[in-house]
Amino acid sequence: MASMDNVCDITIFGGHGDLAFRKLMPALYHLSNDGYLSFSSRIITVARNDITNDEHIELVRSKLIEFIGESVFNQEKFERFKSQLHVVTIDFDDEKSYKGLKELLGAFPSRERVNYLSTAPDFFATICKMLKNWDLVTDVSRVVLEKPIGRDLESSRAINSEVLKYFEEKQIYRIDHYLGKDTVQNIMALRFSNRIFMPLWDANNIDHVQITVAESVGVEGRWGYYDQYGAMRDMIQNHLMQLLCLIAMEPPCSLDADSVRDEKVKVLRSLRPMSAADIERKTVRAQYAKGSIDGQPVPGYREGEGMEHSNTETFAALRVDIDNWRWNGVPFYLRSGKRMHQRNSEIVIQFKSVPHSIFANQGSGISQNKLVISLQPKESIQLKLMNKVPGLSDQMRLQQVDLELNSRINSTRKSDAYERLLLDVIRSNPTLFMRLDEVEAAWKWADVILAGWAENIIPMKSYQAGTDGPSASIQLVVQDGVSWNDE
Ligand code: NAP
């Protein structure tokens, strides 16, 4: 059992929304039960509709069972957890409606406060302003912002500058839930606690890097949101860029938040800006057409409600170059799409070939070493090495073998990324959250590509739902003599 000294009041705005029920409440339930959140802490849900505390508790109970599963849910533990649950009714725009929250929080005026804004970003400024007007922002208050924080540099700056009127930068926690995954944090452990990788981690030894985040699901009813964003804004500018930073960054001088984030920002600032010719040669955008997933027919993106004329990409692939000494000449290939043939997120670090093969006349080729970091659906790290095929054959035959680097004890419950991130907010540790300059550097680079796409420098391609994307994505890497890891 962990230490129980984390006492705080956690207020979830948009607390009856999908994210709150699917991820936040289960994370808090586990943190509380596992002893990471003191039982004196309160979890205050902000709902739009009038609801009694008893009705709210029953709703949380049923949603917990739905999202963590009946076998994991424990009624005895819930009996204790439910005493931490509170609900207040607020319409974000109605200042008077915050009175109930003021009364609740006012009972413990010096307690640490976490305000989780699980709402559309249009509400961030209003909610922060109301909290300030009601004198609910203290030195020990924090605010957590869900993505998306804008759809370009300008709108992102507008949102951030509004929030910064009421909270200081050190109080703002911008979530990228990919950074809460254990395997993603393991990238730092792998790179910076193993000497063997240190001399190999550069342009002398690494041929290229691939980062793929593929989803088999479509838009899941969120047409209004997704059509405004697309794959570049929804996935690449944030999640894939953060993964790229962890692979490409220099060793930070310590694990403290600013040291790590300083190094990530340096990577983002070293991304080579794309010219119009680069956008044509190094980027692909595409939309899925009808196809089938797991044998079930699925409609195309433009068959969605009101999407007949949509020009939003559901797939993007890019070659990214980093202009610094370490990565000179090493391409980073990024791709992300919806309605792909399977859910799969992975990072592949492909090492260069051996300088000369002594096995060429033995009937065996030598595959390049790869470090494959899988994030979804299962989390694992594998090093692919060459090995001798056992036996007495005349020839020295070779085979590729996988060295599995994970040693998770299967019986322990695997914690979700939101547990890690919520615990870090509770403990005031912003290392895994994006600092303002990181967000802006990523937008600055992505905006150039988005502007080029808006001018139709490259056409929108199409791919069949249930495939690995358009053929142009294969062409993108083939022109450099590379193939995607799944081919
Ligand atoms: P959602 O299901 O629409 O939840 C938003 C909640 O805000 C709803 O419960 C809604 O209340 C409430 N709300 C809206 N306007 C309000 C108002 N004026 N006053 C009071 N309450 C109001 O959205 P979500 O899926 O949870 O997503 C929340 C945010 O997280 C979004 O920015 C989304 O992009 C981001 N996000 C979501 C996910 C996910 O898995 N869902 C993942 C990553 C990021 P009603 O129920 O009464 O409408």
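Residues numbered from 1 in each chain as written. Predicted model: local features only at pLDDT ≥ 70, side-chain atom pairs only at ≥ 80, totals over all residues. Heavy atoms only, no water.

What follows is about the environment of Ile 172. By the element assignment, Ile 172 lies in strand E6 (residues 172-174). A sequence separation of 277 residues divides Ile 172 from Ile 449, and the C-alpha atoms of the two residues are 28 Å apart. The residues touching Ile 172, leaving out its near neighbours within four places in the chain, are Val 143, Leu 145, Val 163, Leu 164 and Phe 167. (Helix = DSSP H or I, 4+ residues; strand = E, 2+ residues; numbered from the N terminus. Contact = heavy atoms within 4.5 Å.)

Parsing the chain into structural domains produces domain 1 (9-146) and domain 2 (179-417 + 435-478). Once you take the C-alpha centre of each, domain 1 and domain 2 turn out to be 35 Å apart. (Domains from an automatic or database assignment.)

A separate point is the packing of helix H1 (residues 18-33) against helix H11 (residues 417-426). Their axes nearest at 9 Å, the elements H1 and H11 cross at an angle of 65 degrees. By the angle between their axes, H1 is roughly perpendicular relative to H11. Where H1 crosses over H11, the two elements pack in a sense that is right-handed. For the pair formed by H1 and H11, the contact residues are Leu 19, Lys 23, Leu 24, Ala 27, Leu 28, His 30 and Leu 31 on the first element and Tyr 418, Glu 419, Leu 422, Leu 423 and Ile 426 on the second. Across the contact of H1 with H11, the residue classes tally to nine nonpolar, one polar and two charged. (Axes fitted to C-alpha atoms, helices over the stretch in contact; angles between N-to-C directions. Parallel < 35°, antiparallel > 145°, perpendicular 65-115°, else oblique. Left-handed = near helix turned anticlockwise from the far one by under 90°. Nonpolar A, V, L, I, M, F, W, Y, C, P; charged D, E, K, R; others polar.)

Taken together, 17 residues lie around the ligand, and Asp 18, Leu 19, Arg 48, Phe 92 and Thr 119 are the ones closest in. Within the backbone of Gly 17, an N or O atom sits 3.3 Å from an oxygen atom of the ligand. Within the backbone of Thr 119, one N or O atom sits 2.9 Å away from an oxygen atom of the ligand. Burial of the ligand by the surrounding chains reaches 74%, relative to a free accessible area of 880 Å². Of the residues that constitute the shell around the ligand, the class distribution is six nonpolar, five polar and six charged. (Near = heavy atom within 4 Å. Polar contact = N/O pair within 3.5 Å; in protein donor to acceptor, adjacent residues only side chain to side chain. Areas by Shrake-Rupley, 256 points an atom, 1.4 Å probe, with all protein chains shown as cover.)

Another aspect to go through is the sheet that holds E6. In spatial order, the strands read E3-E2-E1-E4-E5-E6; together these six strands make up an open sheet with parallel pairing. Whereas interior strands pair on both sides, the edge strands pair on one side only; in this sheet they are strand E3 (85-89) and E6. Geometrically, the sheet is characterised by an average inter-axis angle of 20 degrees between neighbouring strands, direction not taken into account. Of the strand pairs in this sheet, strand E1 (residues 8-13) and strand E2 (residues 42-47) are connected by five bridges, and their pairing is parallel. Paired with Ile 12 across the two strands is Thr 45, which belongs to E2. In the packing of H11 onto the sheet, contacts are made with E1, strand E4 (112-117), strand E5 (141-145) and E6, and the angle to E4 comes to roughly 140 degrees. (Pairing = 2+ DSSP bridges.)

Using the criterion set out here, one finds 16 aromatic pairs in the structure. A ring pair is formed by Phe 78 and Phe 81, whose centres lie 6.2 Å apart and whose planes are at 55 degrees; its orientation type is tilted. Note that Phe 78 and Phe 81 are positioned in helix H3 (residues 75-81) at a spacing of three residues, about one turn of the helix. For the pair Tyr 288 and Tyr 301, a centre-to-centre distance of 5.8 Å together with 80 degrees between the ring planes defines the contact as edge-to-face. You can see Tyr 288 sitting in strand E8 (residues 283-289) and its partner Tyr 301 sitting in the loop between strand E10 (296-298) and strand E11 (315-320), a full 13 residues away along the chain. For the pair Tyr 288 and Tyr 301, a shared accessibility class is recorded, and that class is buried. (Phe/Tyr/Trp six-rings, centres within 6.5 Å; stacked < 30°, edge-to-face > 60°. Buried < 20%, exposed > 50% of the residue type's maximum accessible area, 1.4 Å probe, protein only.)

A separate point is unusual backbone geometry. For residues besides glycine, phi is generally negative; the peptide bonds are generally trans as well. The omega torsion of the bond from Lys 147 to Pro 148 falls at 5 degrees, within 30 degrees of zero and hence cis. Within the secondary structure layout, Pro 148 lies in the loop between E5 and helix H6 (153-163). A cis amide bond links Gln 376 with the next residue in sequence, Pro 377, at an omega value of -5 degrees. Phi at Asp 294 is positive, roughly 50 degrees, even though this residue is not glycine. Mapped onto the fold, Asp 294 is located in the loop between strand E9 (291-293) and E10. In this structure, Arg 339 takes a positive phi of about 55 degrees despite not being glycine. For Arg 339, the location among the structural elements is in the loop between strand E12 (332-337) and strand E13 (344-351).

Contact geometry for helix H9 (residues 257-270) and helix H12 (residues 436-454): axes closest at 9 Å, N-to-C directions at 15 degrees. Viewed along their axes, H9 and H12 adopt a mutual orientation that is roughly parallel. Like other packed secondary-structure pairs, H9 and H12 cross with a definite hand, here left-handed. Where H9 approaches H12, its residues Arg 261, Lys 264, Val 265, Leu 268 and Arg 269 are matched on the opposing element by Asp 437, Glu 438, Ala 441 and Ala 442. Of the residues assigned to the contact of H9 with H12, the class counts are four nonpolar, no polar and five charged.

Before going further, it helps to spend a moment on H11. Counting buried positions along H11 yields nine of 10 residues, so the element is predominantly enclosed. Among the residues of H11, those classed as buried are Ala 417, Tyr 418, Glu 419, Leu 421, Leu 422, Leu 423, Asp 424, Val 425 and Ile 426. Close packing links the buried residues of H11 with E1, H1, E4, E5 and E6. Capping the start of H11 is the job of one residue whose side-chain oxygen sits 3.0 Å from the backbone nitrogen of Tyr 418: Asp 416. Ser 428 sits one or two residues past H11 and shows a positive phi near 60 degrees.

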